[in-house]
Amino acid sequence: MSAKVLLIDDDSDFRAAVKSLLEGHGYDVLEASSGHEGLRMVVEHKPDAILLDIMMETTVEGYGVTHSLRYLDEYIEFRHIPIFMVSSIEESPDERFPMSAEVEMIRPDRYLTKPLDIPELLRFLETAVGAAKSSMA
Amino acid sequence: MSEPATSETVVVIDDDYAMRLSCRKILMKMGLRVPTFEDGASGLEGVANWKPDMVVVDLKMPGISGMEVISRVHEIDPQIIIVVITGYAAIDTAVQAMKGGAYDFLPKPFSPDELRLIVNRGLERRRLALESQRHRIERTMVERRFVTFVSHQLRTPLVAIHQYLDVLKHLDETGDTPAGRREWIDRCLTRIEELQNLIADWLTLAKVEGGALYKERIKVDLSRIIPDILKTYQPMALDQNVSLEARLQENCLFVWGDRNCLSVLFDNLITNAIKYNRPGGTVTVSGTVSRGEVVVAVADTGVGIPEKYRPFLFDEFFRVRDEGAKKTPGTGLGLHISKRIVSEMGGTVDVDSEIGSGSTFWVRLPAWRESEEADGSQNDAGRETSTDCR
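## A look at the overall build of chain A
Helix and strand content of chain A: 6 helices and 5 strands. Helices and strands appear in chain A in the N-to-C order β-α-β-α-β-α-β-α-α-β-α. A buried classification covers 41% of the 137 residues belonging to chain A. The contacts of chain A with a sequence gap of at least 6 include a subset with a gap of at least 24, amounting to 66%.

Here it is, written out as structure tokens:
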């Protein structure tokens, strides 16, 4: 069975490019264009990995998703799903946003920058999904 | 001459009752607020409470000296204009006061005219200082917005194009060709156009803010320039199956303004009305004059604007974004630019909208008046010129 990757990003072009790439490497790709939609899809499809855009324009909605998945009880069965947060800015988000103490605690598995380094992305996904699969064995 | 602010305040500090009274009478006739105080201590308290634009203070008073009042006033607010009243032939003290921060001095005895003159000069100076302070603040904000603009608005389409090309290259190497390859090329081209529009709009905004778009202030007849704009967008309207209608009253829609600015202003409203319309719909631009204002309404028969978006409609880069749907096309700067232009002209822009029927944008601009001088300043002699159209 193919590994499922959920792409959460409000830019449809970015999603189209990455979807094509991942499908070409045997992944099943699901898409969501907002944080809310993304959370719904996590619950409905239980993906093996999540690629999540920070979504600066909508008050860094991306962090809301990570926070929910990692801290809220209602998502407890999805807490283990690896999350890769993606943004087009090079510096670590910590340096850019004066975050509240709470938000500072929100850590995805990795921060990736756009455009995605393709070999790197494929490697990270393989490791993350592979690890998930083996922990479920 | 800069515009007088509403109710500027001048504090008068003098231990002489008659002096306080007459200064107050003279200055109140000029439309100023004039709190008076009989000594330095109460005067300083008054300055802290009233936050005046100007302080007129007698140098020779018992208790806290006039000189000390000067420095203490400037501790409260360094921008307050201070005029000192000095004794006859007391030039030394006057010079000392000015070195200490006073703007000017008025030797006793002085006439009402002399007082008026010096107060007017001082207030003018104050207005200019405040204006330049506003400009400084605005410049900082502009810089900050520019950084956000570059780091986010410009980057987003660039990143999408870059990602498409990266994936194409990668798949090429592995011998794959994605099914939607042709579509990707079109998408890249569209995103590039988006970038170009963003940059163009941003430059327009910069010009509006910098006053560079505002080349000349002349009498403009809106019933002439608006039909021209409609004609320009006739093909675009045809494309969207939208009809354009003008209902502009002849010979009275005159405003003081710059043709370029006015064109950009209505350009944005009209293209929006065409874009956010429905097939078979209409865009109606109507113009009338009422109570000294030229009122132009741009109405569309689109889906209407949800209440929750209305407070943000004129914000920079604001675009309606409904869940799941693509962002509405456009740079998000059009309405912001229009509002900016309208504000610079001393007018207002509002929107009425009904979900399902459409929206109407109302632009109100001060009507051109015969009494206005060539340099563009308004001379409100209080006359009511009848400008209602017959």
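## A look at the sheet that holds strand E1 (residues 4-8) of chain A
Residues and elements named next belong to chain A. The sheet built from 5 strands is open, its strands ordered E2-E1-E3-E4-E5 with parallel pairing. Looking at the sheet topology across the chains shown, the edges are occupied by strand E2 (28-32) and strand E5 (110-113). Ignoring strand direction, the axes of neighbouring strands in this sheet form an average angle of 25 degrees. Bridging between strand E3 (residues 49-53) and strand E4 (residues 83-87) involves 4 bridges; their strand directions are parallel. Each residue of the ladder has a partner; that of Leu51, found in E4, is Phe84.

## A look at unusual backbone geometry
Between A:Lys114 and the following residue, A:Pro115, the backbone shows a cis peptide bond with an omega angle of -5 degrees. Summarising the element assignment, A:Pro115 is placed in the loop between E5 and helix H6 (118-136). A cis amide bond, omega -10 degrees, links B:Lys108 with the succeeding residue B:Pro109. Here the phi dihedral of A:Lys46 falls at roughly 45 degrees; this positive angle occurs in a residue that is not glycine. Tracing the backbone through its elements, the reader meets A:Lys46 in the loop between helix H2 (35-45) and E3. Notably, B:Arg291 is not glycine yet its phi reads approximately 50 degrees, a positive angle. If you trace the backbone, B:Arg291 turns up in the loop between strand E9 (282-290) and strand E10 (293-300). Since 10 C-beta atoms lie within 10 Å of it, B:Arg291 is described here as exposed.

## Notes on the confidence of the model for chain B
Residue and element names in this part refer to chain B. When pLDDT is averaged along chain B, the result is 85; 90% of the residues meet or exceed 70. Contacts for the low-pLDDT stretch residues 373-390, under 50 throughout, to residues beyond four places or in other chains number 21 contacts. Confidence metrics for the complex model read pTM 0.59 and ipTM 0.85.

## Observations concerning the interface of chain A and chain B
Accessible area lost upon the coming together of the parts serves often as the stated size of an interface. Each side of the interface is counted separately: chain A has 21 residues, and chain B has 21 residues. If you list the elements that add at least two residues to the side of chain A that touches chain B, you get helix H1 (12-24) and H2 of chain A. It is H1(A) that provides the largest number of residues to the side of chain A that touches chain B, a total of 9 residues. Of the residues contributing to the side of chain A that touches chain B, the split by class is 10 nonpolar, 7 polar and 4 charged.

## Quick notes on the nonpolar core
Among the nonpolar cores identified, the biggest contains 41 residues, and A:Val5, A:Ile8, A:Val18, A:Ile50, A:Leu51, A:Leu52 and B:Tyr164 are the most heavily contacted of them. For A:Ile50, the residues in contact, after removing those within four places along its chain, are A:Leu6, A:Ile8, A:Ile81, A:Ile83 and A:Phe84. By size, the runner-up hydrophobic cluster in this structure holds 40 residues, among which are B:Val208, B:Leu265, B:Val296 and B:Val298.

## Looking at the sheet that holds strand E5 (residues 104-107) of chain B
Residues and elements named next belong to chain B. Reading across from one edge, E2-E1-E3-E4-E5 is the order of the 5 strands in this open sheet, with parallel pairing throughout. On the outer flanks of this sheet lie strand E2 (36-37) and E5, each paired with one strand and no other. Here helix H1 (residues 17-28) sits on the sheet and contacts strand E1 (10-13), E2 and strand E3 (54-58); the angle it forms with E1, its principal contact strand, is near 165 degrees. Contacting strand E4 (81-86) and E5, helix H4 (residues 91-99) crosses the sheet at an angle of about 165 degrees to E4.

## Considering the pairing of E1(A)
Residues and elements named next belong to chain A. With 4 of 5 residues buried, E1 is to be regarded as a mostly interior element. Sheet analysis places E1 next to E2, joined by 5 bridges and oriented parallel. Note that in E2 the partner of Val5 across the bridge is Val29. A crossover connection joins E1 to the parallel E2 through H1; in handedness this β-α-β unit is right-handed. Note: E1 against E3, 4 bridges, orientation parallel. Pairing of Leu7 across the sheet is with Leu51, part of E3.

Thresholds, definitions, all that
Residues numbered from 1 in each chain as written. Chains lettered and ligands numbered in written order. Predicted model: local features only at pLDDT ≥ 70, side-chain atom pairs only at ≥ 80, totals over all residues. Helix = DSSP H or I, 4+ residues; strand = E, 2+ residues; numbered from the N terminus. Buried ≥ 20, exposed ≤ 12 C-beta atoms within 10 Å, placed from the backbone. Contact = placed C-beta atoms within 7 Å. Pairing = 2+ DSSP bridges. Axes fitted to C-alpha atoms, helices over the stretch in contact; angles between N-to-C directions. pLDDT = per-residue confidence, 0-100. Nonpolar A, V, L, I, M, F, W, Y, C, P; charged D, E, K, R; others polar. Core = buried A, V, L, I, M, F, W, Y, C linked by C-beta atoms within 7 Å. Right-handed = clockwise from strand over helix to strand, strands pointing away.

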